[in-house]
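Secondary and tertiary structure notes
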Amino acid sequence: MSVMKKLGLLFLLFVPVLVHSQTVAPTPPMGWMSWNYFGENVNEKELKEMANSMVGNGMVKAGYNFIFIDDGWQGGRDKKNSMIADPVKFPSGIKALADFMHERGIKLGIYSDAAQLTCAGYTASLGFEEQDAKTFAEWGIDYLKYDYCHAPVDSSTAKIRYKAMADALKKSGREIIFGVCEWGDRQPWHWAAEAGGQLWRTTHDVRDKWKMRPTEKWGLGILDILDTNAELHEFSGPGKWNDADMLIAGLYGKKGPSGDGGGTGCTDTEYQTQFSLWAMMNSPLYATNDLRTMNEATKRILLNAEVIALNQDALGKQAVRKIKNDTWNVFLKPLANGDYALAILNRSDTGQSFRISFSELGLKDTYNLRDLWMHRTIGKRKKWNGTVEAHETKLFRLTVSGSGS
Ligand code: GLA
């Protein structure tokens, strides 16, 4: 073989590996985020307890390998203008906490804002992007959620401010995933990836509720966020994810930010629906409930490995909503091995029967059908019919099977 041919072969072999390894966040990030339950009362003692629970209950093994510290950790700046953590909440400092997490196979996320103050009024990063990025890198931070409170409303300023921090993170010498959090107000799906973000929130904050009531002026529930996020599938892919905000499974209307705005709690069926659809839409999966006291129903939801596998699938295609009416939503998601994931949501307040031929979705074959909540293989099918309870989502994996009914 000529030298040129050998070089060509090497190029073909290694370039895909290099390109792949360069994708930051090739699958949606997963973990536990402090905000929705603990709010500003975030501290190293409880974060360590949460991490230990995450290891002990199998979450880390299941893929939840991040703890994300949200707003409220900051203690201002030192004499050299470097960010410091609140010494009462974090007496050992963030670096020690990052070491603790890394020893347990957990990465650490942190939070700041593209203005002088964060949403909850703490020190933020505008004008200190490079210095803060360097501090985060020195501490061993692996993810930055970058909020947009107290910043001008126009899109061009947002793009400039997000790019400034993304560039600073790239220069910091550490791979730090960058989460854009301007709540979808400036359609970040059009510009956040180019600015340097790997994911972007598509809506305002989730509350612990099914949907906004007609009398309410604010407070988004599961269905409200679903209806925005589902339409954005074309913008999502490896390293550029639509972020539909935190999972509310296990909160049951307990106090905390997600209890505001009419967040009086959901049923386990509704939490199961959120988890199913967030997985189908490749949203990051951030639990936010108290992992130390989690009940069996919540564990069954958050630890469903077959559902997590849809979210973490290497193809990285967000599900498309193929059927959309007041009662039924049907989502289809192609998977890396040629399988499909199919979700059937009953939005109505009563259990109803549903029937679908897979050919209506453009699927011409016979499929081996597996129910991912029952963990049961149903058999070879060209269609499905059955009852879906109020607010329930049925989730199936379809594998081409060649022959059958
Ligand atoms: C905003 C974000 C939330 C949370 C709070 C913290 O509301 O959207 O997710 O980070 O700020 O103050």
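Residues numbered from 1 in each chain as written. Predicted model: local features only at pLDDT ≥ 70, side-chain atom pairs only at ≥ 80, totals over all residues. Heavy atoms only, no water.

1. Some words on the side chain of Asn229
Quick note on the threshold: Helical segments are the DSSP runs of H or I of at least four residues, strand segments are the runs of E of at least two, and each set is numbered from the N terminus. Here's how the labels work: a residue is buried when its accessible area is under 20% of the maximum for its type, exposed when over 50%, partly exposed in between, all with a 1.4 Å probe on protein chains only. Any pair of residues with heavy atoms lying within 4.5 Å of one another is described as a contacting pair.
Within the secondary structure layout, Asn229 lies in helix α9 (residues 222-229). In this structure Asn229 comes out as buried when scored by relative accessible area, which is 0%. Dropping the residues within four chain positions of it, Asn229 is found in contact with Thr202, Asn242, Asp243, Ala244, Met281 and Gln318.

2. As for the packing of aromatic side chains
Stated formally: Aromatic contacts are taken between Phe, Tyr and Trp rings whose centres are within 6.5 Å, Trp giving its six-membered ring; a plane angle under 30 degrees counts as stacked, one over 60 as edge-to-face, and the others as tilted.
Throughout the structure, instances matching the rule amount to 19 aromatic pairs. On the basis of an interplanar angle of 70° and a centroid distance of 6.3 Å, the ring pair of Trp73 and Phe136 is categorised as edge-to-face. With a gap of 63 residues between them, Trp73 in the loop between β2 (66-68) and β3 (74-77) and Phe136 in helix α6 (residues 129-139) connect regions that are remote in the sequence. With relative accessibility at 0%, the residue Trp73 sits in the buried group. Ring centres of Tyr162 and Trp191 lie 6.0 Å apart, and the angle between their planes is 45°; on these two criteria the pair is classed as tilted.

3. Considering the state of the cysteines
To keep things clear, this is the line we draw: Note on terminology: disulfide denotes any pair of cysteine sulfur atoms within 2.5 Å.
Going through the model one piece at a time under the given rule, you end up with one disulfide. Through a disulfide, Cys119 is tied to Cys149; the S-S separation comes to 2.1 Å. Between Cys119 and Cys149, the S-S torsion sits near 95°, and that sign places the bridge as right-handed. Highlighted residues: Cys119 in the loop between β5 (107-113) and α6 and Cys149 in the loop between β6 (143-147) and α7 (155-171), separated in sequence by 30 residues.

4. Focus: the pattern of salt bridges
Spelled out, the test is: Just to be clear on terms, a salt bridge is a Lys or Arg side-chain nitrogen sitting within 4 Å of an Asp or Glu carboxyl oxygen.
Per the counting criterion, the structure on display carries 27 salt bridges. Here Glu182 ties to Arg186 by a salt bridge, and the two come within 2.7 Å at their closest N and O atoms. Across the salt bridge formed by Asp227 and Arg321, the nearest N and O atoms sit 2.8 Å from each other. Taken together, the residues Asp227 in helix α9 and Arg321 in strand β11 (residues 320-324) connect sequence positions 94 residues apart. According to the relative accessible area criterion, Arg321 is buried, its value standing at 12%. Three or more residues are tied together by salt bridges with common partners; here these are Lys45, Glu46, Glu49, Asp290 and Arg292.

In short, shape yes, function no, at least from these values alone.
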